[in-house]
Amino acid sequence: MKKQSAWLLASLAALVLVGCAGQKEPAERAIASAESALATIHDTAQKYAPDQLQAVETQLAGVKDSLSKGDYKGVLAAAPALTTAISGLKDTAEGKQKDAEAAAAQAKDAWGPLSTDVPNMVTAIQSRVDTLSKSHHLPAGVTKDGLASAKSGLNAMKTAWSDASNAATSGDFTTAVSKAQAVKAQGADIMKSLGMSSG
Amino acid sequence: MADDKTPPAATNPYTQTYLVVSGDTLSKIAQTYYGDPALYTKIFQANRDVLSDPNKISPGQKLRIP
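Just so it is clear, the structure is predicted and the values come from calculations on it, not from any experiment. (Residues numbered from 1 in each chain as written. Chains lettered and ligands numbered in written order. Predicted model: local features only at pLDDT ≥ 70, side-chain atom pairs only at ≥ 80, totals over all residues. Heavy atoms only, no water.)

(A) A look at the interface of chain B and chain A. Each side of the interface is counted separately: chain B has 20 residues, and chain A has 26 residues. Summing the contributions of chain B and of chain A, the shared interface buries around 1,900 Å²; its carbon and sulfur component is 56%. Applying the counting criterion to the chain B and chain A interface returns 0 salt bridges. Put simply, chain B and chain A have 7 residue pairs in polar contact (both at pLDDT 80 or more) between them. Looking at the side of chain B that touches chain A, the element that brings in the most residues is helix 1 (residues 26–34) of chain B, giving 4 residues. Across the side of chain B that touches chain A, the residue classes tally to 10 nonpolar, 7 polar and 3 charged. (Contact = heavy atoms within 4.5 Å. Buried area = accessible area lost by both parts, 1.4 Å probe. Salt bridge = Lys/Arg side-chain N within 4 Å of Asp/Glu carboxyl O. Polar contact = N/O pair within 3.5 Å; in protein donor to acceptor, adjacent residues only side chain to side chain. Helix = DSSP H or I, 4+ residues; strand = E, 2+ residues; numbered from the N terminus. Nonpolar A, V, L, I, M, F, W, Y, C, P; charged D, E, K, R; others polar.)

Here is the structure:
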């Protein structure tokens with residue numbers, strides 16, 4: 001009876017070992033597959049969904065930890081959720097990438113008119129500022145302080161416009177348009193302060 | 001500052017314009033826009049394509065005010 005029990009225990013232990021060994025390869029394959037899927041979207045996810053990427057990487061690290069501890073069953077149980085998370089990350093990152101590309105294309109289109117409009121505005125303001133600076137008396141509605149403010153505002157516009165142009169040259173039309181629109185708004189205020197209608 | 005892209009005042013949409021009415025002179029217009037009638041020459045120079053004499057402007061003329 002004692003011999004039989006020992007044999008039974010040994011057999012059960014062997015079965016468990018065989019069972020575990022049978023799960024090791026699928027578990028390793030599941031992790032390799034997840035790592036491969038994540039690698040293909042890593043850069044895009046890093047740029048467009050960094051928080052979600054971090055969550056998935058933490059999830060993957062947990063599953064790899066289970067593998068290192070020989071918990072193959074746990075790995076296989078967690079694998080479907082990991083696959084779903086990676087798939088969700090892929091959808092989010094690619095969606096945001098698409099939106100960003102559409103916004104960039106829209107900004108590039110908007111840059112065209114602004115790239116001529118703002119310099120025209122600066123030229124018109126510069127001309128008026130130069131003339132008023134030579135005037136012995138300022139026209140109604142324009143004060144000395146107002147003219148001084150317009151001059152400094154004009155210089156600020158030139159600096160900001162230079163920044164916008166540099167952004168456009170480097171291909172960052174979103175920043176370029178944002179800066180150009182700010183310059184244009186500032187220009188409209190200056191024109192108003194000098195009694196000029198803004199086009 | 002992108003001078004190569006800057007059009008002359010004639011085509012710059014931000015250059016102000018003024019429609020001459022009866023009794024106007026360039027000095028009066030300069031007084032209105034610049035506060036100084038002596039600066040009429042600025043307006044005259046900006047409108048040399050339509051003005052040949054600063055003393056001769058006509059009602060209905062559209063002048064650029066630089």
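(B) Here's a closer look at the packing of helix 2 (residues 50–68) of chain A against helix 3 (residues 72–134) of chain A. Residues and elements named next belong to chain A. Relative to each other, helix 2 and helix 3 sit at 165 degrees, their axes nearing to 9 Å. What the angle tells us is that helix 2 and helix 3 run roughly antiparallel. For the crossing formed where helix 2 meets helix 3, the hand is left-handed. Of the residues in helix 3, those touching helix 2 at Gln 52, Leu 53, Val 56, Gln 59, Leu 60, Val 63, Ser 66 and Leu 67 are Tyr 72, Val 75, Ala 78, Ala 81, Leu 82, Ala 85, Ile 86, Gly 88, Leu 89 and Thr 92. Partitioned by chemical class, the residues of the contact of helix 2 with helix 3 number 13 nonpolar, 5 polar and no charged. (Axes fitted to C-alpha atoms, helices over the stretch in contact; angles between N-to-C directions. Parallel < 35°, antiparallel > 145°, perpendicular 65-115°, else oblique. Left-handed = near helix turned anticlockwise from the far one by under 90°.)

(C) Region of interest: the packing of aromatic side chains. Following the criterion strictly, the structure yields 2 aromatic pairs over all chains and no others. Considering the side-chain rings of A:Trp111 and A:Trp161, the 5.2 Å spacing of their centres and the 15 degrees angle between planes classify their relative orientation as stacked. Here A:Trp161 lies in helix 4 (residues 144–169) and A:Trp111 lies in helix 3, a separation of 50 residues in the sequence. The exposure classification of A:Trp111 matches that of A:Trp161, with both residues buried. Centre to centre, the rings of B:Tyr18 and B:Tyr33 are 6.0 Å apart; their planes meet at 75 degrees, and the pair counts as edge-to-face. With B:Tyr18 in strand 1 (residues 16–19) and B:Tyr33 in helix 1, this residue pair connects regions lying 15 residues apart in the sequence. (Phe/Tyr/Trp six-rings, centres within 6.5 Å; stacked < 30°, edge-to-face > 60°. Buried < 20%, exposed > 50% of the residue type's maximum accessible area, 1.4 Å probe, protein only.)

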